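# Survey of secondary and tertiary structure
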Amino acid sequence: MVYLIKWPVTCKPSPNVSSYLIARVHIAEPFSCNIANMQRELVDDFLEQLGHCVPLLEIYPTKGQDDVTCEIAQALEIVRFFFDYLWRDWDDEENCENYSVLIEERIKLFGDIQDGNIPPPIAQRFKRTLEKYRNKRLELIEFQSKIKDDPSVSEAVECWNKYYEVQMLSGILKIWENLRLRAHGPFFPRILRRKKGLRDTGEVVMHVVANIMTADMVKEYSPDTLIQQHNNLDTALENSYGGDTVVIFPGEYKAEAMAMLTDDITIKGIGKKEDIIIVSQPSSDNFIVSRAENIKIIHLTLRQRGTFDGIIVVESGHLTLQDCDLQCEGTGICVLTGAALTIKDCEISGSQGAGIELYPGSGAIIEGNKIHNCNNFRCTDGLASNQGGGIKLKVIPAPVVKLSNNHIYDNKGHGVTIVQPKRRPLDALNFMNDGAAAGDRKDDDLLTKVLEDLRLELDSNNLEKNSLGNAGLVLT
């Protein structure tokens, strides 16, 4: 409910430690409310029950007011931004010698998330962790307020459990605020799976995933092939070692174990690709995360449901995708710094962000793929829509990319988007400031130069019907 209030207001500290400042307010004349047919008496009764005091951050002055009111509104927005994004509950509990530096780091973190400098999967995880921390802390405060002077053993244990969980989440958030530690992550909360490597015996096993196994299904393999049959994909992956092959027959499978792939294995489907479906687990942050040195995923349909992180995140090592259908619901494929991707003859569609997103210092061979209907953001974000499209490249240091024979079409944004920071090397700055023509020609010349620097040849690709054109340069 929004109603006009009389300015100025008087502020005083709230006795409730979970709140901030409260303001004493009165109804302004003439009375106005954004709820139709709202009676003045109901609003008066509501304020009377609150003692005409409301939390300061719940006051939203209406537009079209005088200069004093506008200044107060602006001040409230600054305070609201501070408490929503910069202030942490533990700031009041800890001594910080250089608080201004800490605030600068949080502003930098906020800016990196807004500008897309932090991978969307990581940004989403950070936001969820921050929200979870706030909820858990409120649960702890409410629980403590209900405990009497002489708590029972069960109450004490429960209180310590809640306190420990809050401390754990705050520790994760503090790591996020360390600029050095979040250069490539971090990826919390998650249990990291260790790489097994090769078996001590040197043997390799073919894992067959099917509800029922017949002799015809493996007749093409040699008699000395070691075969292990599994009813579900998770057990097959958990029992795999380096060099093994996981063969998947038609069916629909869920695989929590694909959220962390660390060993050099081959995962491939046998049969019609559209009948071999791997579905994401809604309870997991990620669908597929690869940290293996050389892993292959072949001839599968990957269907993302309920997860908002990338359908595939290549954190490190090299991932090969061949003849796969990627049906995204969250973001597309993300290749992080230092990682590499080879993707051939695949189809990518439906992602909220770019179909393929390459981070500085990554590498990719992208050949013969269909990338369409991507960058379907669920929220209104003009910057995000400009930075999405079919393929998104972030430069400095530039990723090493080879594009050929791809069909990139019907995407919101550019077919290929190149994101480059405004602070560029001296030669690029000189190019921007030389005698180049102003307007579109200057932008086109700069885009041409960047494409040349990246050695990107778009002519061998079919780019069409992308809302912002074939290729574009975005400065952040």
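The structure under discussion appears in the preceding block.
The structure reproduced in this document is the subject of the present report. Keep in mind the model is a prediction, meaning the values are calculated, not measured. (Residues numbered from 1 in each chain as written. Predicted model: local features only at pLDDT ≥ 70, side-chain atom pairs only at ≥ 80, totals over all residues. Heavy atoms only, no water.)

The helix and strand tally for the protein stands at nine helices and 27 strands. The buried share among the 476 residues of the protein stands at 43%. The long-range share in the protein, meaning contacts at least 24 apart out of those at least 6 apart in sequence, stands at 61%. Total accessible area on the protein is roughly 25,300 Å²; 51% of this is exposed by carbon and sulfur atoms. (Helix = DSSP H or I, 4+ residues; strand = E, 2+ residues; numbered from the N terminus. Buried < 20%, exposed > 50% of the residue type's maximum accessible area, 1.4 Å probe, protein only. Contact = heavy atoms within 4.5 Å. Areas by Shrake-Rupley, 256 points an atom, 1.4 Å probe, with all protein chains shown as cover.)

Taken as a whole and judged by the stated rule, the model has six aromatic pairs. Relative to Phe110, the ring of Tyr85 has its centre 4.7 Å away and its plane inclined at 55°; by these criteria the two rings are tilted. Taken as a pair, Tyr85 in helix α2 (residues 67-86) and Phe110 in helix α3 (residues 99-115) lie far apart in primary sequence, 25 residues in all. Residue classification places Tyr85 among the partly exposed positions, given a relative accessible area of 40%. Taken together, Phe81, Tyr85 and Phe110 form an aromatic cluster joined through their ring pairs. (Phe/Tyr/Trp six-rings, centres within 6.5 Å; stacked < 30°, edge-to-face > 60°.)

This next bit is on the nonpolar core. By size, the foremost hydrophobic cluster in this structure holds 59 residues, and its most contacted members are Leu233, Leu237, Ile248, Ile312, Leu321, Ile333 and Ile356. In terms of residue count, the dominant contributor to this core is helix α9 (residues 440-454) (five residues). For Ile312, the residues in contact, after removing those within four places along its chain, are Ile288, Leu302, Leu319, Leu321, Leu326, Gly332, Ile333 and Cys334. Judged by nonpolar contacts, the second largest core, of 16 residues, contains Ile118, Leu130, Ile172 and Leu173. (Core = buried A, V, L, I, M, F, W, Y, C linked by side-chain atoms within 4.5 Å.)

Time to look at the sheet that holds strand β20 (residues 363-367). Read across the sheet, nine strands follow the order β5-β4-β6-β8-β11-β14-β17-β20-β23 without closing on themselves; strand pairing throughout is parallel. Two strands close off the open sheet at either side, each with one partner strand: β5 (227-230) and β23 (400-404). The average undirected angle you get between the axes of adjacent strands in this sheet is 10°. Examined bridge by bridge, β20 and β23 share five bridges and lie parallel to one another. Bridging across to β23, Ala364 finds its partner in Val401. (Pairing = 2+ DSSP bridges. Axes fitted to C-alpha atoms, helices over the stretch in contact; angles between N-to-C directions.)

Attention shifts here to the pairing of strand β6 (residues 245-248). A regular strand places its side chains on the two faces of the sheet in alternate fashion. In this structure, strand β4 (residues 206-209) lies alongside β6, joined through four bridges in parallel fashion. Bridging from a neighbouring strand, His207 pairs with Val246 of β6. When β6 meets strand β8 (residues 266-269), the two strands line up parallel, connected through four bridges. Paired with Thr245 across the strands is Thr266, a residue of β8.

A word on the side chain of Arg106. With respect to the helices and strands, Arg106 occurs in helix α3. One polar contact links the side chain of Arg106 to the main-chain carbonyl oxygen of Leu86, over a distance of 2.6 Å. The contact partners of Arg106, leaving out residues within four places of it in the chain, are Leu86, Trp87, Arg88, Trp90, Asp91, Tyr99 and Glu177. (Polar contact = N/O pair within 3.5 Å; in protein donor to acceptor, adjacent residues only side chain to side chain.)

Right, let's talk about the pairing of β8 for a bit. Of the two faces of β8, only one is covered, namely that formed by Ile267 and Gly269; the face formed by Thr266 and Lys268 stays uncovered. As judged from the three bridges shared by β8 and strand β11 (residues 295-298), these two strands associate in the parallel manner. Paired with Thr266 across the strands is Lys296, a residue of β11.

Along its 17 residues, α3 runs 24 Å from first to last C-alpha, staying within 8% of the 24 Å computed at 1.5 Å per residue. Three or more residues of α3 are buried, namely Leu102, Ile103, Arg106, Leu109, Asp112 and Ile113. (Expected span 1.5 Å × (residues − 1).)

Across the sheet, which stays open at both edges, the eight strands sit in the order β7-β9-β12-β15-β18-β21-β24-β26 with parallel pairing between neighbours. A strand with exactly one partner marks an edge of an open sheet, and here the two such strands are β7 (251-254) and β26 (462-464). Here the average twist between neighbouring strands, direction ignored, is 10°.

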